[in-house]
Amino acid sequence: MVKSMAANRTSVEAAPQRRRITRNSNMMSPLEARLSLVLALASQTSSVSQRLLMDLATETAKYVFPKRFETSNLEEALMSVPDLETVKFQILSRKDQYEIRELEPYFIAETTMPGKYGFDFNGASQSFNVLAEYLFGKNTKREKMEMTTPVFTRKTQSDGEKMEMTTPVITKKLEDQDKWQMSFVMPSKYGSNLPLPQDPSVSIKEVPRKTVAVVAFSGFVTDEEVKRRESTLRNALKNDSQFQVKEGASVEVAQYNPPFTLPFARRNEIALEVERKQV
């Protein structure tokens, strides 16, 4: 009887111990927890790294395997442009010195450049960065949009210009001296539903359908080069039997390539808006 009571007491005392042992065996030690966390983070990092590498490879391919425009001479044959979305156009005629294009409507993000020169490094870099910030998330939706090409730089007349945003409509009066403006072409998938800029110096504008005379050239763009080529284009258009420079038209410069592109492979264009001659 005594032995049986002792055995029962031993069994009762051992039960909690077995429960404690069972509970402890299901618990994770601090070392095991740290190792598990490290492995989980490593797995997640690997997955993110693979996605980033794939994105990087996709973006790099756009520059490593560029597309080319139709060419009319050796200089143009050596030019290339990144495989990015660009303005759609139809070639109406092609001459030895220029071609006439009809551009489809498109939207731009635009900012006024500091100073009176369009192609000094500091001013161009500052304006480019302002537009890039808007494109890559400094907007009301904090949305990152895809890069397009080209980057436009144009001279605006001193009487000011009306710039239409999706809402509201803003009229921006420029200073008495002529100013240059830089603009990015917006991805066409947004149409007029583009996120609004957070930076008040950036405005959104729709460019209507228009006809332009275009000359392509390689190398780096300078103000002197633009003046020389604009003068040559205006003189050439005087002999065009179908088109003439539209009254008040200002020169517009398109640059298609990133800064690291070799000069001979760069594609730049100057354009003047034209209209058909009255018969």
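Above this text is the structure in question.
Just so it is clear, the structure is predicted and the values come from calculations on it, not from any experiment. (Residues numbered from 1 in each chain as written. Predicted model: local features only at pLDDT ≥ 70, side-chain atom pairs only at ≥ 80, totals over all residues. Heavy atoms only, no water.)

A.B. asks: How do you make sense of the nonpolar core when you look at a structure like this?
C.D. replies: Among soluble globular proteins, nonpolar side chains are generally buried collectively. One finds Tyr-98, Tyr-134, Met-186, Leu-194 and Leu-233 to be the most contacted residues of the largest nonpolar core, which totals 35 residues. Counting only elements with at least two residues in this core, the list comes to strand 3 (106-112), helix 4 (121-135), strand 7 (179-185), strand 8 (202-207), strand 9 (210-217), helix 5 (223-237) and strand 12 (268-276). Of all the elements, helix 4 adds the most residues to this core, at five residues. Those residues within four positions of Leu-233 in sequence are excluded, and the remaining contacts are Tyr-98, Ala-213, Val-215, Ile-270 and Leu-272. Tyr-106, Val-207, Val-212 and Val-214 belong to the second-largest nonpolar core, a separate cluster that totals 13 residues. (Core = buried A, V, L, I, M, F, W, Y, C linked by side-chain atoms within 4.5 Å. Buried < 20%, exposed > 50% of the residue type's maximum accessible area, 1.4 Å probe, protein only. Helix = DSSP H or I, 4+ residues; strand = E, 2+ residues; numbered from the N terminus. Contact = heavy atoms within 4.5 Å.)

A.B. asks: How should I be thinking about helix 4 in this particular structure?
C.D. replies: Think of an α-helix as 3.6 residues a turn; residues three or four steps apart then line up on the same face. Taking 1.5 Å per residue, 15 residues should reach 21 Å; helix 4 reaches 21 Å between its end C-alpha atoms and fits that length. The inward-facing, buried residues of helix 4 abut strand 3, strand 7 and strand 8. Positive phi shows up at Gly-137, right after helix 4, with a value of about 135 degrees. (Expected span 1.5 Å × (residues − 1).)

A.B. asks: Even after reading the chapter, I still don't get the layout of surface pockets, so can you show me in this structure?
C.D. replies: Over the atoms a probe the size of a water molecule is rolled, and this reveals where empty space is left. Each pocket or cavity is described by its volume, and for the largest pocket that value is around 860 Å³. Among the elements that line the lining of the largest pocket, the one with the most residues is helix 4, at six residues. Classifying every residue of the lining of the largest pocket gives 18 nonpolar, six polar and six charged. (1 Å grid on protein atoms, 1.4 Å probe; cavity = no way out; pocket = protein on both sides within 12 Å on 5 of 7 lines; lining within 4 Å. Points joined across faces, edges and corners; volume = space filled by probe spheres on them. Nonpolar A, V, L, I, M, F, W, Y, C, P; charged D, E, K, R; others polar.)

A.B. asks: Can you help me understand the packing of aromatic side chains in this one?
C.D. replies: The way to describe two aromatic rings as a pair is by their centre distance and the angle between their planes. Across all of its chains, the model carries three aromatic pairs by this definition. Centroid distance Phe-119 to Trp-180: 5.4 Å. Interplanar angle 65 degrees. Geometry classified as edge-to-face. With Phe-119 in the loop between strand 3 and helix 4 and Trp-180 in strand 7, this pair connects stretches of sequence that are 61 residues apart. Both residues of the pair, Phe-119 and Trp-180, belong to the buried class. For the ring pair Phe-128 and Phe-184, a centre distance of 5.1 Å and an interplane angle of 65 degrees mean the geometry is edge-to-face. Here Phe-128 is found in helix 4, whereas its partner Phe-184 is found in strand 7, with 56 residues between them in sequence. The buried category is assigned to Phe-184, whose relative accessible area is 2%. The lysine or arginine in question, Arg-101, covers the ring of Phe-89, its NZ or CZ lying 4.2 Å from the ring centre. (Phe/Tyr/Trp six-rings, centres within 6.5 Å; stacked < 30°, edge-to-face > 60°. Lys NZ or Arg CZ within 6 Å of the ring centre and 35° of its normal.)

A.B. asks: I would appreciate a short explanation of empty space enclosed by the protein in the present structure.
C.D. replies: Throughout the structure, instances matching the rule amount to one cavity of 30 Å³ or more. The computed volume of the largest cavity comes to approximately 130 Å³. If you go around the largest cavity, you meet 15 residues; those closest to its centre are Arg-101, Leu-103, Phe-152, Tyr-256 and Glu-269. When contributions to the lining of the largest cavity are tallied by element, the ones reaching two or more residues are strand 2 (99-103), strand 9, strand 11 (252-255) and strand 12. For the lining of the largest cavity, the class distribution of residues is eleven nonpolar, one polar and three charged.

A.B. asks: Can you help me understand the side chain of Glu-252 in this one?
C.D. replies: If you trace the backbone, Glu-252 turns up in strand 11. In this structure Glu-252 comes out as buried when scored by relative accessible area, which is 11%. Ignoring anything within four residues of it in the chain, the contact list for Glu-252 reads Tyr-106, Phe-152, Thr-153, Arg-154, Lys-210, Glu-269, Ile-270 and Ala-271.

The quantities given are spatial measurements derived from coordinates; they are silent on function.
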